[in-house]
Amino acid sequence: MSRTTAAAPPAPDAAAAPAESWEELVTTALLGTDRRTPPGSAPGTGAPVVLLDAAAAATVRRRAGLRPARAAERPRPAAEDPRPPLPAAAARRLAMLLTDRRGGSATARRGTAPDLMELLPQWLAAANAHGYAPPPAVLPALLDAARGRTDLRPAALRFAGPRGLWLARLNPDWRYALRATPGGASAPPDPSDPEAVRRLWREGLFAERVALLTALRSRTPAAARELLASTWATERAEDRLMFLDSLRSGLGPDDEPFLEQALDDRSRNVRATAAELLSALPGSALAGRMAVRAGACVALDRTGDAPAIVVEAPHECDAGMQRDGVVAKAPAGRGERSWWLGQLVEAAPLAAWSRRLGGRTPGEIVALPVADGWQGELHAAWCRAAVRQRDPAWARALLGEPSAPEAGGPGAVSLAERAELLATLDAEERAAWVAGFIEKHGLSEAFQLLGVCAVPWAAPLGRAVVDALDIARDAGSYPWSFSGVMGLAERCLDPAEASRLEALLAVPDEPQDASPGAAGYWAEAFQRLVTTLRLRAAMLRELAPAEDRAPPGNPGTPRCPGPAQAQAQPELRIPPEIRTPPED
Amino acid sequence: MVGSSFGSMTSQGVRWTADQVLALAPDTASRKAGSRLGAAGPWTEAGSSGDGTLWGLCKGSGRTPYRTAVDLADASGPAYSCSCPSRKFPCKHALGLLLLWAGEDGAVPRREAPEWAREWIAGRRGRAESARAAAGTSGAPAGSADPEAAGRRAQRRAERVTAGATELEQRLADLLRGGLASAEQAGYGLWEETGARMVDAQAPGLAARVRELGAIPGTGPGWPVRLLEECALLHLLGQGWLHRDRLPEGLAATVRARVGLPVSAEGPPVRDSWLVLAQYDTADTRLTTRRIWLYGTESRHTALVLSYGAAGRAPELALPVGLALDAELSAYPGAGQRRAALGERFSAPAPTAARPAGTTTSDALARYGEALRDDPWLDAVPVTLDRVIPAPDGDSWQLADADEDAALPLTPAARSRPGLWRLVALSGGAPVTVFGECGHQGFTPLAAWPQGPGEVVPLC
């Protein structure tokens, strides 16, 4: 109680400076009455009692006379949060989702109860879509949750709002919130105030500068580039790399001169990044040079029965290629020439191939046979190019028909590449392709592909997944072979599908060859799926503003926007809430 | 409807919050398990009557669902029934059912109770009724069949306590003769042994204080001051016991209670609408103690109800923070005594807009000082602070008056609790109303309210 000062009570009989006599009592007690006689006592056997009597009186007097301390500097009040408060039911739900946080025993059998923590990302996305303010008392639990799960942070911090940021400044455990926010402690400067922007760019910390550049880039790409160019020569190499990377968003033809100049940078990583960015601009000079180089390697051979592609990989990696970002040294176990070829094709604009290969469409080009076993190398490079240049026509061609037999097998295009190709298509087409894939090939390979589909899943996709789960159950295996997909379905199926699942809840008689007890476990897994869907529907309903909230008990589709719209980003990859790997 | 004589209609249509339900959980595992069952999925045929009973069938791992029922309307507190084999009380199914009811409009619709639920409610309410009737007729306190024998027992015990207090005085004198510096080297052993002697002397209050002395030398800078204070107060208590016949009756009762003699709540029952301000548990190796602070919205009196459980188990009494219950409290003997026993309850806890009346930090300390007159061994008094702002102060925090240059530092224990951050978040730098315990170690916040309208935020 360091700041609370003991003072004498106003009673006149206590006028003798009590603080001093208290010090004296403590000193005497420490040394012992054998060594030091307490004031007002004769030395001897009575001395300890005299000391204790005096100390007791002094203790009660000190406690009774306590006065408040001086007030420390009070924190500056948090900024007003103009958002409307969360509806009461939604506030209770959030508290419940956060209570489940410390669960996390991945080994325990999951039973029929939903995994509440896994619903938090969706809940946050929906609450943010409505633009609610959080109940302040829930902020510590929310900040703690986001501290442990980086994927939650953007949505959690947005929801936490100004009060959350204010709070994070007071607790070192939540410092991450300040790093994630531009300007940390202070608000980011208004991008329309060039003087403030330049000052922060000159004087700010690295994280502040990156945040500033990113924010500016998202509004006025050219201003961001010019800001970077103004200090480019004096930046450290690793900083140049990070700054250059922030030009990735809003990339356009205007950036070419700056990037072209960065191709001569001292740092190899900076050169490589500049080349990669330029190759994503099909009209750039670099793309043109790459088109010429790649075109020289790939030709149409009409001499055989049917036209075929022949490949003549480059024989050397000259200085010009290296300047344009081609890495000369192949990784261990790869031939140099195929390594160089892959890099050239990857960086060449896809549109150039149609001209080069007889005016064919991407589909026709992909269908052409490739001589001498070059198909794998060539198609893989085209996949990377389609992803980098975000070219849906090429992506579609390379993906092929979902029902094609080779689509399920170890074809030229890996599942990871397919997932990336799918990400270049629009949500509906993506869902339809994955649904087709699952109908033909089942669920065992589908996890990664499902990860790139928009949430909630479109109706055909959801039905394909449920049918496939039903088939897997009938096959008699245990449900935990599918726990990854099951977990995704809990989070991504449209809640409106819950009623269609009722039939799956019963425990059927086990077929002869089934694994023992599997039917019961499946019923349990489907039970959890239905429970989770109902919970999600309830969650969304609670978040709907009062006037258009559905009447209680109505299981209809909620009218508020789903989390998919809420978190739609230009770079839609695997949504954060489903980035958890399968459990087995 | 059976049990309509209870007049418990207030519980109708009133839902608790999830926090209030979770406060009923006997341990963390049940709390988690209950949370997972608080969704519609595993439940079928869930329903409620208008007067505070809930029931439902919960799908478990077996083929037959569990039958779960909760009676919130009973004036003696929530009652639970479940066909599951769990020995926890309430079990996760009962908690899940309550959470389902608390969480969602219409999740537990009002409907006719099934046969099995009706039977249970009728059965237990009937039993409760007859127990009340029995208690009403036999007014004499149970136990003291032979007042003479009881008197002899009390006499023998008082003699043993006197012997113990005398021995304790001797040990304190020895300690002060040799100096506190030597106590640092002696460590726990010295105090453990003396504590055991006080247990033998049937003075558990003295024993507990003695054991606490052992920990003081390890509490960092300033320990000699704290050790001298506690030694002196222990000496004061020993002297109080030895000279109890010369003390005023109120102080003598306080001394008897502090020494650890059995006391019972003898005060006249005070009926009020008691607002539950805070509930928290402290545990040692033998016992879990639950402290529940109640505020009489009419009497404006703040009272403490204690409930005990075996080590590691939750005490049976649980009251949801923020609700008010119409009930009678009887005070324990002793001047300025806050402790009371919960008597008859006339209704289940119900929401209320009432808040305790608040005061300033200076007045809070003045009240503590006043209270020491009746009970010099008091560590803290319950106080509601009005318009205070939590402010960081070096490594610690304080509650600063919004309108004066005065502040109360938080106690060391309060600094490390998660409730501190809920309080800070609630405030956001603006004044809040805070209920807590105010004493010589500082202030321990236990509940807070925003400046404007808003529900209570439990901090413990």
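Note that the coordinates shown come from a computational prediction; the quantities given were computed from them, not determined experimentally.

**Focus: the overall build of chain B**
Working step 1: Across its full length, chain B carries twelve helices and 16 strands.
Working step 2: Expected size for 460 residues packed as a compact globule is a radius of gyration near 23 Å; at 25 Å, chain B falls within 12% of this value.
Working step 3: Dimensions along the principal axes, computed over C-alpha positions, put chain B at roughly 75 × 60 × 45 Å.
Working step 4: Looking at chain B as a whole, 51% of its 460 residues qualify as buried.
Working step 5: Across chain B, the fraction of contacts at a sequence separation of at least 24, relative to all contacts at a separation of at least 6, is 62%.
Working step 6: Summing over all exposed atoms, chain B offers an accessible surface of approximately 19,800 Å²; the carbon and sulfur share of this is 51%.
Working step 7: If the 48 positive side-chain charges of chain B are averaged to one point and the 50 negative ones to another, these points end up 7 Å apart.

**Observations concerning the domain arrangement of chain B**
All names here are of chain B.
Working step 1: Each assigned domain of chain B is listed with its residue range as follows: domain 1 (4–132), domain 2 (155–259), domain 3 (270–351) and domain 4 (361–458).
Working step 2: Of the residues lining the interface, five residues belong to domain 2; the matching set on domain 3 comes to four residues.
Working step 3: Buried surface at the junction of domain 2 and domain 3, both sides included, amounts to about 260 Å², of which 51% is carbon and sulfur.
Working step 4: Sorting the residues of domain 2 by area buried against domain 3 places Arg211, Ala253 and Thr254 first, and these three jointly supply 69% of that buried surface.
Working step 5: For the pair domain 2 and domain 3, the interface holds zero salt bridges.
Working step 6: Where domain 2 meets domain 3, there are zero residue pairs in polar contact (both at pLDDT 80 or more).
Working step 7: Looking at side-chain class alone, the side of domain 2 that touches domain 3 contains two nonpolar, two polar and one charged residues.

**Re the interface of chain B and chain A**
Working step 1: Taken together, the contact between chain B and chain A spans 74 residues of the former and 69 residues of the latter.
Working step 2: With both chains or domains summed, chain B and chain A bury close to 5,900 Å², and 64% of this area falls on carbon and sulfur atoms.
Working step 3: By the criterion of area lost to chain A, the three top residues of chain B are B:Arg36, B:Arg177 and B:Trp421, representing 12% of everything that side buries.
Working step 4: The interface formed by chain B and chain A holds four salt bridges in total.
Working step 5: Of the charged contacts, one joins A:Arg63 and B:Glu230 as a salt bridge, the two residues approaching to 3.1 Å between their closest N and O atoms.
Working step 6: One can count 23 residue pairs in polar contact (both at pLDDT 80 or more) joining chain B with chain A.
Working step 7: With eleven residues, the top contributor of residues to the side of chain B that touches chain A is helix 8 (residues 223–242) of chain B.
Working step 8: Per-class residue counts for the side of chain B that touches chain A are 38 nonpolar, 20 polar and 16 charged.

**Thoughts on the confidence of the model for chain B**
All names here are of chain B.
Working step 1: Looking at chain B, the pLDDT average stands at 85 and 91% of residues meet or exceed 70.
Working step 2: Counting interchain partners and residues more than four positions distant, the pLDDT-below-50 stretch residues 1–13 has 20 contacts.
Working step 3: Under a pLDDT of 50 for its full length, residues 138–142 has, in the predicted model, zero contacts with residues more than four places off or in other chains.
Working step 4: At the level of chain-chain contacts, confidence expressed as ipTM amounts to 0.78, with global pTM at 0.72.

Reading the values: rules and limits
Residues numbered from 1 in each chain as written. Chains lettered and ligands numbered in written order. Predicted model: local features only at pLDDT ≥ 70, side-chain atom pairs only at ≥ 80, totals over all residues. Heavy atoms only, no water. Helix = DSSP H or I, 4+ residues; strand = E, 2+ residues; numbered from the N terminus. Rg over C-alpha atoms; globule rule 2.2 N^0.38 Å. Buried < 20%, exposed > 50% of the residue type's maximum accessible area, 1.4 Å probe, protein only. Contact = heavy atoms within 4.5 Å. Areas by Shrake-Rupley, 256 points an atom, 1.4 Å probe, with all protein chains shown as cover. Lys, Arg positive; Asp, Glu negative; His and termini not counted. Charge placed at Lys NZ, Arg CZ, Asp CG, Glu CD. Domains from an automatic or database assignment. Buried area = accessible area lost by both parts, 1.4 Å probe. Salt bridge = Lys/Arg side-chain N within 4 Å of Asp/Glu carboxyl O. Polar contact = N/O pair within 3.5 Å; in protein donor to acceptor, adjacent residues only side chain to side chain. Nonpolar A, V, L, I, M, F, W, Y, C, P; charged D, E, K, R; others polar. pLDDT = per-residue confidence, 0-100.

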